[in-house]
Amino acid sequence: MKNEFIWGVATAATQIEGAPNQDGKTETIWDVMSKDGAFISDSHQVDTADDSYNKFNEDLELMKELGVGAYRFSLNWARIIKDGDGEINQKGLDYYSKLVDDLLDANIEPYITLFHWDLPYELYKKGGWLNRDITKAFKRYVEVVVDAIGHKVNHFITFNEPQCILGARLGGTIPEAKYSARDRNTMVHNLLLCHGEAVKVLRKCKNIKIGYAPCNDARIPLTSSKEDIEAARQSYFDVRRGDLSGVSVFSDPIIFGNYPKKYYEVNRIEDLPDIKEGDLELISQPIDFYCQNIYQGLYVKSDGNGGYKIVKPNKNAVYTLMNWVVSPESLYWGPKFLYERYKLPFYITENGCSVTDIITEDKKVHDSPRCEYIKQYIYQFKKAIDDGVDGRGYFCWSLLDNLEWFEGYKKRFGLVYVDFETYERIPKDSFYFYKNLIKK
Ligand code: FCB
């Protein structure tokens, strides 16, 4: 790996912070969904999470010990601006500003995600992503952030996994909400406009480099034949009617200035969003780096007619607790295909796994499957870099066990075990494994 390659860990505000009402924070959709008890597994609550809001010093010490060069975390919009479009909450801003200072003092580069799923609830009530006015509120939020900390943070990522911000048991709306095809396309469009507004604001600070972090299961050619490789590539960027999980609908407008041709073909005209003059220009202002969260890949072969077929993993396949297939080659083919297409400096902004973590009497967690997972995936990412991908960094998900969204606290992804009763942090074997692996 090149010298400037950055090793990091990632978290997200709602998954770790807790402190839902502290220092003037207002509600997000996650506060509301967890209160209700109906949405999050075993009625787990968002309110405490890891209490990282109050325990950040401990978490920082852990990162120092781990030796990471970067910490990717997200800001909670509802902590900074009341209800998303109300008064500025100085205490919330001061909190993040100090956090950034502490990281910089420790020589850990902050990578800030502006939006990682925690939509202010009041904005949701006003239509959320469906209401084009969200672009005004988002723009203002980013202006406030940039005024306060833009001069000292060099890397911002606008959106985390925009594919998951579209509702129905995913990350950005309330699951019971029902949306038509046109609604969903409109939400994507408004989100992309928010991205564009954010880029415009961030660009005013010369030091800032701007990235974007979508997701999607990578595609792995079943064999190394030219046909299978082409089929995997085709499948990765394909657009299918009613399926908004793909990469190209979310990334082509940003990088190429338009939705993919097939998007216009598979959607009925009445289902397309209202694309106003200037929208695509706003969306496609240049960004500096491209990120992707990759946990698994789908195996693809050629169908023999210039098309593709997704095939099931073979019988020996191993799955994590999320039921995601362990497929290290996803960190070879994903970066390779994405870099070929978008040609931007590339980061893996999330990768990791949830396995059964048993804590021993002497407070150790021997999570060798996680160590093996990390090792194998990083090996493949390195191979992709050796083959020409301009890879700039890898962020392990996650520093801490945390609230795994609708799964509650049962699915642990951390390098550090968190006792959710006492909030004690206990580094797992994988913590020391990763530490050793990234040591200069
Ligand atoms: C990703 C999310 C992240 C975390 C991991 C396990 O989809 O971005 O917040 O939940 O999955």
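None of these values were measured; they are calculated from a predicted model.

1. Some points on the confidence of the model for the chain
Parts of the model with low pLDDT should not have their predicted coordinates read in detail.
(1) Moving on: Per-residue pLDDT for the chain has a mean of 95; in total, 98% of the residues score no lower than 70.
(2) Moving on: No element of the chain has a lower mean pLDDT than helix α2 (residues 29-36), at 88, and none a higher one than strand β2 (residues 70-74), at 99.

2. What to know about the side chain of Ser-248
(1) Moving on: Relative to the helices and strands, Ser-248 resides in helix α10 (residues 248-256).
(2) Moving on: On the accessibility criterion, Ser-248 (1% relative accessible area) is buried.
(3) Moving on: At 2.9 Å, the side chain of Ser-248 and the backbone oxygen of Phe-237 are in polar contact.
(4) Moving on: Those residues in contact with Ser-248 that sit more than four places away from it in its chain are Phe-237, Asp-238, Val-239, Pro-253, Pro-260, Arg-341 and Tyr-342.

3. Re helix α9 (residues 226-236)
(1) Moving on: Looking only at α9, the buried set comprises Asp-228, Ile-229, Ala-231, Ala-232, Ser-235 and Tyr-236. The buried residues of α9 occupy an angular sector of 160° when the element is viewed end-on, so they sit on one face.

4. Concerning the site of the ligand
(1) Moving on: Near the ligand you find Gln-15, His-116, Trp-117, Asn-160, Glu-161, Asn-293, Tyr-295, Glu-350, Trp-397, Glu-404, Trp-405 and Phe-413, and these make up its full shell.
(2) Moving on: In this structure, Asn-160 approaches the ligand through a side-chain N or O atom, which is 3.0 Å from an oxygen atom.
(3) Moving on: With respect to the ligand, the side chain of Glu-161 contributes an N or O atom lying 2.6 Å from an oxygen atom.
(4) Moving on: When the free accessible area of the ligand is taken as 290 Å², the share hidden by the protein chains comes to 94%.
(5) Moving on: Its residues assigned to classes, the shell around the ligand shows five nonpolar, four polar and three charged.

5. So, the nonpolar core
(1) Moving on: Core analysis: the largest hydrophobic core is formed by 151 residues, its most contacted members being Tyr-394 and Tyr-434.
(2) Moving on: Ignoring sequence-local partners within four residues, the contact set of Tyr-434 consists of Trp-7, Gly-8, Val-9, Leu-66, Val-68, Ile-374, Ile-378, Tyr-394, Cys-396 and Leu-415.

6. With respect to the pattern of salt bridges
(1) Moving on: For the structure on display, the rule yields 36 salt bridges.
(2) Moving on: Linking Asp-85 and Lys-126 is a salt bridge whose minimum nitrogen-to-oxygen distance equals 2.8 Å. Here the residue Asp-85 occupies a position in the loop between α4 (77-80) and α5 (90-105), and Lys-126 occupies one in the loop between α6 (121-125) and α7 (134-149), the gap between them amounting to 41 residues.
(3) Moving on: Overall, the relative accessible area of 34% leaves Asp-85 in the partly exposed class.
(4) Moving on: The partly exposed category is assigned to Lys-126, whose relative accessible area is 45%.
(5) Moving on: Three or more residues are tied together by salt bridges with common partners; here these are Asp-357, Asp-367, Arg-370, Asp-401, Arg-412 and Lys-428.

7. A closer look at the sheet that holds strand β7 (residues 289-293)
(1) Moving on: If you walk around this closed barrel you meet the eight strands as β1-β2-β3-β4-β5-β7-β10-β11, and the pairing is parallel. With strand direction ignored, the average angle separating the axes of adjacent strands in the sheet is 25°.
(2) Moving on: Relative to strand β5 (residues 209-213), strand β4 (residues 155-160) is paired through four bridges, and the arrangement is parallel. Bridge pairing links Asn-160 to Ala-213 in β5.
(3) Moving on: Helix-sheet contacts for α5 involve β2 and β3 (109-115), and the interaxial angle to β2 is about 170°.
(4) Moving on: Each of β1 (6-10) and β11 (391-397) is contacted by helix α15 (residues 429-438), which is oriented at about 160° to β1, the strand it contacts most.

8. Overview of the sheet that holds strand β6 (residues 218-221)
(1) Moving on: Strand order across the open sheet formed by three strands is β6-β8-β9, with mixed pairing between neighbours. Taken across any chain shown, the strands that pair with only one partner, and hence form the sheet edges, are β6 and β9 (308-311). Pairwise comparison of adjacent strand axes, ignoring direction, gives a mean angle of 45° for this sheet.
(2) Moving on: Helix-sheet contacts for α9 involve β6, β8 (297-302) and β9, and the interaxial angle to β8 is about 125°.
(3) Moving on: Here helix α13 (residues 330-342) sits on the sheet and contacts β6 and β8; the angle it forms with β6, its principal contact strand, is near 110°.

9. A few points about the side chain of Gln-15
(1) Moving on: Note that Gln-15 resides in helix α1 (residues 13-16).
(2) Moving on: Setting aside chain neighbours within four positions, we find Gln-15 in contact with Ala-49, Asp-50, His-116, Trp-397, Asn-402, Leu-403, Glu-404 and Trp-405.

10. With respect to the environment of Asp-362
(1) Moving on: Inspection of the secondary structure assignment puts Asp-362 in the loop between β10 (346-350) and α14 (368-386).
(2) Moving on: What makes Asp-362 exposed here is its relative accessible area of 51%.
(3) Moving on: For Asp-362, the side chain forms a polar contact with the side chain of Thr-360, separated by 2.5 Å.

11. Focus: the environment of His-195
(1) Moving on: Counting through the fold element by element, His-195 comes out in helix α8 (residues 181-202).
(2) Moving on: Residues His-195 and Ile-254 lie 59 residues apart in sequence; the distance between their C-alpha atoms is 8.6 Å.
(3) Moving on: When neighbours within four sequence positions are excluded, His-195 is seen to be in contact with Thr-158, Phe-159, Tyr-212, Ile-254, Ile-283 and Ile-287.

Basis of the calculations
- Residues numbered from 1 in each chain as written.
- Predicted model: local features only at pLDDT ≥ 70, side-chain atom pairs only at ≥ 80, totals over all residues.
- Heavy atoms only, no water.
- pLDDT = per-residue confidence, 0-100.
- Helix = DSSP H or I, 4+ residues; strand = E, 2+ residues; numbered from the N terminus.
- Buried < 20%, exposed > 50% of the residue type's maximum accessible area, 1.4 Å probe, protein only.
- Polar contact = N/O pair within 3.5 Å; in protein donor to acceptor, adjacent residues only side chain to side chain.
- Contact = heavy atoms within 4.5 Å.
- Arc of directions from axis to C-beta.
- Near = heavy atom within 4 Å.
- Areas by Shrake-Rupley, 256 points an atom, 1.4 Å probe, with all protein chains shown as cover.
- Nonpolar A, V, L, I, M, F, W, Y, C, P; charged D, E, K, R; others polar.
- Core = buried A, V, L, I, M, F, W, Y, C linked by side-chain atoms within 4.5 Å.
- Salt bridge = Lys/Arg side-chain N within 4 Å of Asp/Glu carboxyl O.
- Pairing = 2+ DSSP bridges.
- Axes fitted to C-alpha atoms, helices over the stretch in contact; angles between N-to-C directions.

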